[in-house]
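Chain by chain, the residues run as shown.
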Amino acid sequence: MEKILIIANVEQHIISFHLPCIKMLQEKGYEVHVATRLEHGRERLQAQGIICHFINFARSPFSLHTLTAIYQLIRLMKRHRFSLVHVHTPVGGFLGRLAAKYTGTKPVLYTAHGFHFYQGANWRSWALYYSLERLAAKWTSGLITINTEDYEIARDKFDLRPGENLFHVHGVGVALNSPEANRENLKKEFCQEFDLTDDEVIVVCIAELMKNKNHSFLLDAWSQMAERQPKGYLFLIGKGDYENEIVNKVNLQAIPRVRFLGYRSDVPQLLKAIDIGVLVSWREGLPRSVMEMMAAGLPVIGSRIRGNRDLIEDGKTGFLVELRDVSGLANSLEKLIDDANLRHTMGMEGRRKVEQYSLANVLTELDPIYSRYMTGGRQV
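Residues numbered from 1 in each chain as written. Predicted model: local features only at pLDDT ≥ 70, side-chain atom pairs only at ≥ 80, totals over all residues. Heavy atoms only, no water.

Looking at the side chain of Q229
Move 1: Positionally, Q229 belongs in the loop between α9 (215–226) and β9 (233–237).
Move 2: For Q229, a relative accessible area of 5% corresponds to the buried category.
Move 3: For Q229, the side chain forms a polar contact with the main-chain nitrogen of K231, separated by 2.9 Å.
Move 4: Dropping the residues within four chain positions of it, Q229 is found in contact with R257, E334, I337 and D338. (Helix = DSSP H or I, 4+ residues; strand = E, 2+ residues; numbered from the N terminus. Buried < 20%, exposed > 50% of the residue type's maximum accessible area, 1.4 Å probe, protein only. Polar contact = N/O pair within 3.5 Å; in protein donor to acceptor, adjacent residues only side chain to side chain. Contact = heavy atoms within 4.5 Å.)

Here's the deal with the sheet that holds strand β2 (residues 31–37)
Move 1: The strand order across the open sheet formed by 7 strands is β3-β2-β1-β4-β5-β6-β7, and the pairing between neighbours is parallel. Each having just a single partner strand, β3 (51–54) and β7 (166–168) make up the two edges of the open sheet. For this sheet, the mean angle separating the axes of adjacent strands, direction not counted, is 20 degrees.
Move 2: Judged from the 4 bridges that link them, strand β5 (residues 108–112) and strand β6 (residues 142–145) form a sheet pairing that is parallel. Across the sheet, residue Y110 finds its bridge partner in β6, namely L143. (Pairing = 2+ DSSP bridges. Axes fitted to C-alpha atoms, helices over the stretch in contact; angles between N-to-C directions.)

Points about helix α4 (residues 65–79)
Move 1: Over its 15 residues, α4 runs 21 Å from end to end, which matches the ideal 21 Å to within 8%, given 1.5 Å per residue.
Move 2: Looking at the buried residues of α4, the elements they touch are β1 (3–10), β2, β3, β4 (84–87) and α5 (90–103). (Expected span 1.5 Å × (residues − 1).)

Looking at the sheet that holds strand β10 (residues 258–262)
Move 1: Read from one edge to the other, the open sheet built from 6 strands follows the order β10-β9-β8-β11-β12-β13, with strand pairing classed as parallel. Each end of this open sheet is capped by a strand with a single partner; those strands are β10 and β13 (318–321). Direction aside, neighbouring strands of the sheet carry axes that sit 20 degrees apart on average.
Move 2: Against the sheet, helix α12 (residues 288–295) contacts β8 (202–206), β11 (276–279) and β12 (300–303), and its axis sits at roughly 170 degrees relative to β11.

Here's the deal with the pairing of β12
Residues in a regular strand project their side chains so that they alternate between the two faces of the sheet.
Move 1: Burial along β12 is two-sided: the residues V300 and G302 and I301 and S303 are all buried.
Move 2: When β11 meets β12, the two strands line up parallel, connected through 3 bridges. Looking at the pairing, G277 lines up with V300 of β12.
Move 3: The parallel pair β11 and β12 is bridged by α12, and the resulting crossover is right-handed. (Right-handed = clockwise from strand over helix to strand, strands pointing away.)

Details of the pattern of salt bridges
Move 1: If you walk through the whole model with that rule in mind, you get 19 salt bridges.
Move 2: Taking the shortest distance from any N to any O, the salt bridge between E322 and R304 comes out at 2.8 Å. Of this pair, E322 sits in the loop between β13 and α14 (326–338) while R304 sits in the loop between β12 and α13 (308–311), and the two are 18 residues apart along the sequence.
Move 3: Judged by relative accessible area, which is 33%, R304 ranks as partly exposed.
Move 4: Each of R304, D314 and E322 takes part in a single network of salt bridges with overlapping partners. (Salt bridge = Lys/Arg side-chain N within 4 Å of Asp/Glu carboxyl O.)

Some points on the pairing of β6
Move 1: Because side chains alternate across β6, one face comprises the buried residues G142 and I144, and the other comprises L143 and T145, equally buried.
Move 2: Handedness of the crossover joining β5 and β6 through helix α6 (residues 123–137): right-handed.

Comments concerning the nonpolar core
Move 1: Judged by nonpolar contacts, the single largest core of 92 residues is most densely connected at L45, L218, W222, L271, I301, L329 and Y370.
Move 2: Discounting residues that sit within four places of it in the chain, L271 has contacts with R183, V204, I206, E292, M293, A296 and L298.
Move 3: Ranked by size, the runner-up nonpolar core spans 35 residues in total, among them V87, F115, A136 and A154. (Core = buried A, V, L, I, M, F, W, Y, C linked by side-chain atoms within 4.5 Å.)

Written out as structure tokens, the structure reads:
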């Protein structure tokens, strides 16, 4: 049985994004291994027939754990004869390709979930991460991108050829359900749970509470909007290192009508009770939360950055706002809160657009890429 190795330095990355693809490979008869920093998900992965390998990855490439991770990956590739290695995440992607180069393991696929150099990034990111990615591209049999900006950079800067060793797929896939199913009842239940009136407009931001997600910008705009608009509640879903800072900002500035929901495992169901989605990060690859909000039939307001630009059509499926434009974000929020018909029209347009990002479509796009590099059609 041929073996495929999937590498990502974060275990949750594999659990959140790659299990459907792994299942597809298993159904084709491949033995799938994963190499990651295993934490609490080993049993779940093994229950799906996945062979797990602990690699002592760190998020930073400058950690002392990096040398250990390289050594472990080299040992793993020497111990098993993998027919294909597919690497993800910046650190896992680079170290996995380095280990494959050292051991002569081929072919190697790399999915870029968002290069760490991008329009608006500082020169340090370009100097470091661009140089590393350009080097590693020479060890890559095929590079898969999930947004337009990364695709164009890989095509123009890395000497890769579209359709031969450079590919674009529509993200990691999102489940599509009927956005109208039970919406009225779910909205009523949600409002009852939080002691709101049934006609309240619910705005949600689904994002880890961390600096990159830019909650402070959102809260500044919300505060400005709330001074002139009596309707609308903002719910923040997520946990993270900046939670205390964000909670303190809300309390100290007495920003009205903001609720924290913490981590939620029922996001797709919860979104059916929501009216508006928002994500104003500094940097994204192709944000899953935006796709989920669009799949639920919500209009979405997003920062005008890579990834968001691929998903949100300004004025059609939602609004794109410039980073730091507090008034622009406040005005966009107010427009949607004021106009139920606009919310519905944009939400349905977004639902139609996100169909190309469905899980079924993404697996259909990935299938021939895998086939190209496996036995019989292998490119090295």
